[in-house]
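Structure assessment
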Amino acid sequence: MKIFQRQLLTAGLLATGLSDFVYGAADRASMFRIVVTTDLEQDDLASLIRYLLYTNELDTQGIIYTSSRYHWSGDGNGTKFFLSDREYRSPQWAWRWTGSRTVQDQVLRAYAEIWPNLNNHDPFFPTPDELRALVKVGNIDFEGEMEQDTEGSDLIRSLILNDDPRPLYLQAWGGTNTIARALKSIEEEYSNSSQWSQTQDSVSRKAVILASGFQDETYADYISLRWPDVRVEQLEPGYRTWGYNCDKGQGNTRGLSLGDNVYFTGDWMKAHIQTGPYGRLYRSWLDEQSMPGDAQDIFGSPATASSSSFCQPLEPYAFLSEGDNVVFNPFAQNSTSPNLWVMVPTEKNKAGVDIANYTTDCWAGAVQNDFAARMQLTLTPSYEDANHPPSVSILNGTTVEAPAGTTITLAGNVTDPDSHSVTTSWWQFFEEGTYPGHVIVTEVENDRADITIPADAEAGQTISIILEGTDDGKFPLTRYGRVLIHVK
């Protein structure tokens, strides 16, 4: 994955975060600031079930309902709405809206049941009341509606303008319209004042929009034009890993290229994910569930799913979709002005070979095991009876310098809070380093490695080296350390 910060910001991909994190952060102020905006279709619900199991590592500051081209509530006044090239063919009062109470009435109610167990594993899991206070209704009336301030847009606005210096990662699981409304209200207040230039610069440096595709026109029509310096990451290509898993004559297509298919099968998902009072809310194929108000959520019933021309069902409880997980992993490549970043179509594997979809596929097995281990936390009151991730770091630091033609020794520090055995490996991360060739990595005892800097490496080039550690728990947990070698 092309890097903007080589730490995974995702509920799903924190499993493979390049850090030495073990449950128990120093303080919430050191975490990433996150706001989730969602139109809460069925795959958003699945993504949210996963996401909340990582809120001990993320400073979640808002969970906001928003509209999209696929889901909008209507204004309640009988106003009909129509845009061409949509799923509907005539003006509608509302479209596939699933309501604005599912998070509070279903998800957080189940979270409250399992929170005491989570708290035993890490006191940084927010309480149900803390999460409930973060749930707001944003701009939901129509696709792209951004004319009115809402509780959701007001919250985003206040978070952008407050004194917290950390970036604010605005996840768009639906449309970007509630985010756009927050930016519009800032523009309306400051654009005619002497503070406008400073405010615009401050906002552009703080706000980062992580888009699960552009599900309305507010990025193109407003954000890109009026806020061209706001960083926006278009992460729709990640759907190839986390989007709809359909039988199109190939059966379960997830993970086949890397041998991780088992983690997407019905037997594995039902046994390890869709279990317990919280996990049962997760969505999978033919699970006898559906989202209220969404007539096109046909995925839970064999009778309705088999009639779909869009996506034929797999076996019961097989992985269905978590398309919004793509916004959990901000790995992208800058493409155009304005400040829009897109994911690369291929990435080099550990052997240096370009592989399609490797950006997200390569982490899938570790991600799913981490998800299963965290779901076990919801069912396990005792810390001693659960698996927790190893700590993996490189003692040389995050950057070192070395001349071409020399060999340096890197030393790892690997521990496990459960006293599990941890298997380690060192490898070159081609996509991050700027040196284009292969580097000889020789593993030696005690989690060390000798790195030979090629003689043709040029001053200023970089070589990224990863130390990977995986424990031997029932659901093996993987963590990474990383060092960037600067050729001098």
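Calculation criteria
Residues numbered from 1 in each chain as written. Predicted model: local features only at pLDDT ≥ 70, side-chain atom pairs only at ≥ 80, totals over all residues. Heavy atoms only, no water. pLDDT = per-residue confidence, 0-100. Contact = heavy atoms within 4.5 Å. Helix = DSSP H or I, 4+ residues; strand = E, 2+ residues; numbered from the N terminus. Buried < 20%, exposed > 50% of the residue type's maximum accessible area, 1.4 Å probe, protein only. Axes fitted to C-alpha atoms, helices over the stretch in contact; angles between N-to-C directions. Left-handed = near helix turned anticlockwise from the far one by under 90°. Nonpolar A, V, L, I, M, F, W, Y, C, P; charged D, E, K, R; others polar. Pairing = 2+ DSSP bridges. 1 Å grid on protein atoms, 1.4 Å probe; cavity = no way out; pocket = protein on both sides within 12 Å on 5 of 7 lines; lining within 4 Å. Points joined across faces, edges and corners; volume = space filled by probe spheres on them. Disulfide = S-S within 2.5 Å. Phe/Tyr/Trp six-rings, centres within 6.5 Å; stacked < 30°, edge-to-face > 60°. Lys NZ or Arg CZ within 6 Å of the ring centre and 35° of its normal. Salt bridge = Lys/Arg side-chain N within 4 Å of Asp/Glu carboxyl O.

**A word on the confidence of the model for the protein**
A low pLDDT score tells you not to read the predicted coordinates there in detail. The predicted model of the protein averages 90 in pLDDT, with 91% of residues at 70 or higher. Here residues 1-22 is a poorly scored stretch, pLDDT under 50, and it has 98 contacts once near neighbours within four places are set aside; other chains count.

**Focus: unusual backbone geometry**
For residues besides glycine, phi is generally negative; the peptide bonds are generally trans as well. The phi dihedral of E288 is positive, around 65°, even though this residue is not glycine. Residue placement: E288 occurs in the loop between α10 (276-279) and α11 (302-305). Look at E288 and you get exposed, because its relative accessible area is 61%. In this structure, S419 is a non-glycine residue whose phi angle is positive, near 60°. Locating S419 in the fold gives a position in the loop between β13 (407-415) and β14 (422-428).

**A short note on the packing of helix α5 (residues 177-190) against helix α7 (residues 218-226)**
Contact pair α5 / α7: the axes reach a minimum separation of 10 Å and the direction vectors enclose 35°. Seen along the crossing, α5 lies across α7 with a hand that is left-handed. Across the interface between the two elements, N177, A180, L183, K184 and E187 of α5 pack against T218, Y222, I223 and R226 of α7. Grouping the constituent residues of the contact of α5 with α7 by class yields four nonpolar, two polar and three charged.

**Focus on the pairing of strand β16 (residues 448-452)**
Side chains of β16 alternate between two faces, with A449 and I451 buried and R448, D450 and T452 left unburied. Across five bridges, the pairing between strand β15 (residues 440-444) and β16 is antiparallel. Considered in β16, the bridge of T442 is made with D450. Count of turn residues in the β15/β16 antiparallel hairpin: three residues, of which N446 carries a positive phi of about 60°.

**Some words on the sheet that holds β13**
Ordered by their spatial adjacency, four strands build an open sheet running β11-β13-β16-β15, and the pairing between neighbours is antiparallel. Across the chains shown, the open sheet's two edge strands, defined by having one partner strand only, are β11 (391-394) and β15. Each strand of the sheet is rotated relative to its neighbour by a mean of 25°, with strand direction disregarded. The pairing of β13 with β16 spans five bridges and is antiparallel. Note that in β16 the partner of L410 across the bridge is A449.

**Re the layout of surface pockets**
In this structure, the largest pocket encloses a volume near 540 Å³. Along its surface, the largest pocket is lined by 24 residues, and E41, Y70, E87, Y244 and F310 are the ones closest to its centre. Class assignment for the residues of the lining of the largest pocket results in eight nonpolar, eight polar and eight charged. Considered as a void within the structure, the second largest pocket measures approximately 390 Å³ in volume. K350, C362, A366, E468 and Y480 are the residues nearest the centre of the second largest pocket, which is lined by 23 residues in total. Listing elements by their share of the lining of the second largest pocket, those giving two or more residues are β9 (346-348), α13 (364-379), β14, β17 (462-471) and β18 (478-487). By residue number, the principal contributor to the lining of the second largest pocket is α13, which donates three residues. For the lining of the second largest pocket, the residue count by class is eleven nonpolar, seven polar and five charged.

**What to know about the state of the cysteines**
The tally for this structure, following the rule as stated, stands at one disulfide. Residue C246 pairs covalently with C311 via a disulfide, S to S 1.7 Å. Because the torsion about its S-S bond is -100°, the bridge between C246 and C311 counts as left-handed. Separated by 65 residues along the polypeptide, C246 in the loop between α8 (239-242) and α9 (266-272) and C311 in the loop between α11 and β7 (333-336) bring together distant segments of the chain. Each member of the pair C246 and C311 is classed as buried.

**Some thoughts on the environment of D267**
Checked against the element boundaries, D267 lands in helix α9. Note: C-alpha distance between D267 and Y317 (50 residues apart in sequence) is 7.1 Å.

**What about the packing of aromatic side chains?**
Scanning all chains against the criterion turns up 23 aromatic pairs. An aromatic cluster is defined as three or more aromatic residues linked by ring pairs; in this entry it consists of W72, F81, F82, Y88, W95 and F142. Lying across the ring of W341, R231 places its NZ or CZ 3.5 Å from the centre. Here K270 stacks its cationic end above the ring of Y317, 4.5 Å away from the centre of that ring.

**Some thoughts on the pattern of salt bridges**
A full pass over the atoms with the stated rule returns 25 salt bridges. One salt bridge connects D201 with R205, and the closest N-O pair in it is separated by 2.9 Å. One end of the pair is D201 and the other is R205, both in helix α6 (residues 196-206) and four residues apart, which spans about a single turn. Of the residues examined, D201 reaches a relative accessible area of 41% and is grouped as partly exposed. Measuring nitrogen to oxygen at the nearest pair gives 2.9 Å for the salt bridge that ties R231 to E233. On the accessibility criterion, R231 (12% relative accessible area) is buried. Residue classification places E233 among the buried positions, given a relative accessible area of 0%. Taken together, the shared-partner salt bridges connect R33, D59, D164 and R166 into one network.

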